[in-house]
Amino acid sequence: MTLLVAQGVAKAYPGPDGPVEVLRGASLSLDAGRTLALTGESGSGKSTLLHLIGGLDRPDAGSILLDGTEVTTLSDKGRAHLRRDRVGVVFQQFNLIPSLRAGDNLGFQARLKGQPDAPWESRLASRLGLAAHLHKFPEELSGGQQQRVAIARALAAKPRLVLADEPTGNLDEASAEAVLALMLDLVRETGAALLVVTHSERVAARMDARLRLRQGRIEERIAGAPAP
């Protein structure tokens, strides 16, 4: 079943010499239970497209259909509800809440959704090597531990779609491989779809398919990424 279809997505931001076009009609689609890497040079529009799909910003043009809902027509409140109920986001800078302990950060979105699941959260913590650190505040965790809390938080609410911006970028190679394998395993277990922005060839190669963005457009499809 097709979970996500983005068609002709465009986005520009103000610049000193006029609008700067970041996305120029990017299109992609992703089925439930599948994984997709979004690659490309810095400034190609990868993170912008990820944020638009997640309803963190509005496109200037185009359509984003997520799980039967047209994201672009939602109000700010509607997009917030969509993220809460159906999307898990792993931010590049973690975005953990400093005043909450790791365990509370992990379960934060699930509680917002009204579907806390203590056994599932405990399982996530165990599999991501966090069980002994749940009492700590973010500032007491290493960068790698904070990254794993962010991944666990995105999965705790059992979202339909997981969006991850460089999810292993702050981990050493061994930790990155272990966390990536666990994330793929857990995403498949929940039946979610996963869209990953990455510069890593190793990470991209582990996805079911990959797309390459160049100057705001999809330049290349690899390994059978479905066309919208």
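Attention here is on the structure that accompanies the text. (Residues numbered from 1 in each chain as written. Predicted model: local features only at pLDDT ≥ 70, side-chain atom pairs only at ≥ 80, totals over all residues. Heavy atoms only, no water.)

**Describing unusual backbone geometry**
In step 1: A positive phi angle is found at D67, which is not glycine, with a value near 55°.
In step 2: Among the secondary structure elements, D67 is positioned in the loop between β4 (61-66) and β5 (69-70).
In step 3: Take D67: its relative accessible area is 26%, and that puts it in the partly exposed class.
In step 4: A positive phi angle, close to 50°, is found at K158, a residue other than glycine.
In step 5: Tracing the chain through its elements places K158 in the loop between α6 (143-156) and β7 (161-165). (Helix = DSSP H or I, 4+ residues; strand = E, 2+ residues; numbered from the N terminus. Buried < 20%, exposed > 50% of the residue type's maximum accessible area, 1.4 Å probe, protein only.)

**A word on the nonpolar core**
In step 1: Judged by nonpolar contacts, the single largest core of 38 residues is most densely connected at L124, I151, L155, V187, L194 and M207.
In step 2: Considering every element that reaches this core, the biggest residue donor is helix α7 (residues 173-190), with eight residues.
In step 3: Among residues more than four places away in sequence, those in contact with L155 are W120, L124, V162, L186 and V187.
In step 4: Of all hydrophobic cores here, the second largest spans 30 residues; its members include A26, L82, L195 and L211. (Core = buried A, V, L, I, M, F, W, Y, C linked by side-chain atoms within 4.5 Å. Contact = heavy atoms within 4.5 Å.)

**Here we look at the pattern of salt bridges**
In step 1: Throughout the structure, instances matching the rule amount to 16 salt bridges.
In step 2: Residue R86 is joined to D67 by a salt bridge in which the shortest nitrogen-to-oxygen separation is 3.6 Å. In this pair, R86 is assigned in helix α2 (residues 76-86) and D67 in the loop between β4 and β5, connecting sequence segments 19 residues apart.
In step 3: R202 serves as the salt-bridge partner of E177, at 3.7 Å between the closest nitrogen and oxygen. With E177 in helix α7 and R202 in helix α8 (residues 201-205), this pair connects stretches of sequence that are 25 residues apart.
In step 4: Overall, the relative accessible area of 34% leaves R202 in the partly exposed class.
In step 5: The network of salt bridges with shared partners includes R123, R127, D185 and E189. (Salt bridge = Lys/Arg side-chain N within 4 Å of Asp/Glu carboxyl O.)

**Re the packing of aromatic side chains**
In step 1: For the structure on display, the rule yields zero aromatic pairs.
In step 2: Sitting over the ring of W120, K158 keeps its end group 5.3 Å from the ring centre. (Phe/Tyr/Trp six-rings, centres within 6.5 Å; stacked < 30°, edge-to-face > 60°. Lys NZ or Arg CZ within 6 Å of the ring centre and 35° of its normal.)

**Observations regarding the layout of surface pockets**
In step 1: In this structure, the largest pocket encloses a volume near 280 Å³.
In step 2: Lining the largest pocket are 14 residues, and of these F91, F108, Q109, L112 and R153 sit closest to its centre.
In step 3: The set of elements that each furnish at least two residues to the lining of the largest pocket consists of α2, β6 (87-90), α4 (108-113) and α6.
In step 4: Taken together, the residues that form the lining of the largest pocket break down as nine nonpolar, two polar and three charged. (1 Å grid on protein atoms, 1.4 Å probe; cavity = no way out; pocket = protein on both sides within 12 Å on 5 of 7 lines; lining within 4 Å. Points joined across faces, edges and corners; volume = space filled by probe spheres on them. Nonpolar A, V, L, I, M, F, W, Y, C, P; charged D, E, K, R; others polar.)

**Let's talk about the packing of helix α5 (residues 118-127) against α7**
In step 1: Here α5 crosses α7 at 155°, and the two axes come no closer than 11 Å. It follows from the interaxial angle that α5 and α7 lie roughly antiparallel. Seen from above, α5 lies across α7 with right-handed handedness. Along the contact surface, α5 presents W120, R123, L124 and R127, while α7 presents L182, D185, L186, E189 and T190.
In step 2: Of the residues in the contact of α5 with α7, the class split is four nonpolar, one polar and four charged. (Axes fitted to C-alpha atoms, helices over the stretch in contact; angles between N-to-C directions. Parallel < 35°, antiparallel > 145°, perpendicular 65-115°, else oblique. Left-handed = near helix turned anticlockwise from the far one by under 90°.)

In short, geometric facts, not functional conclusions.
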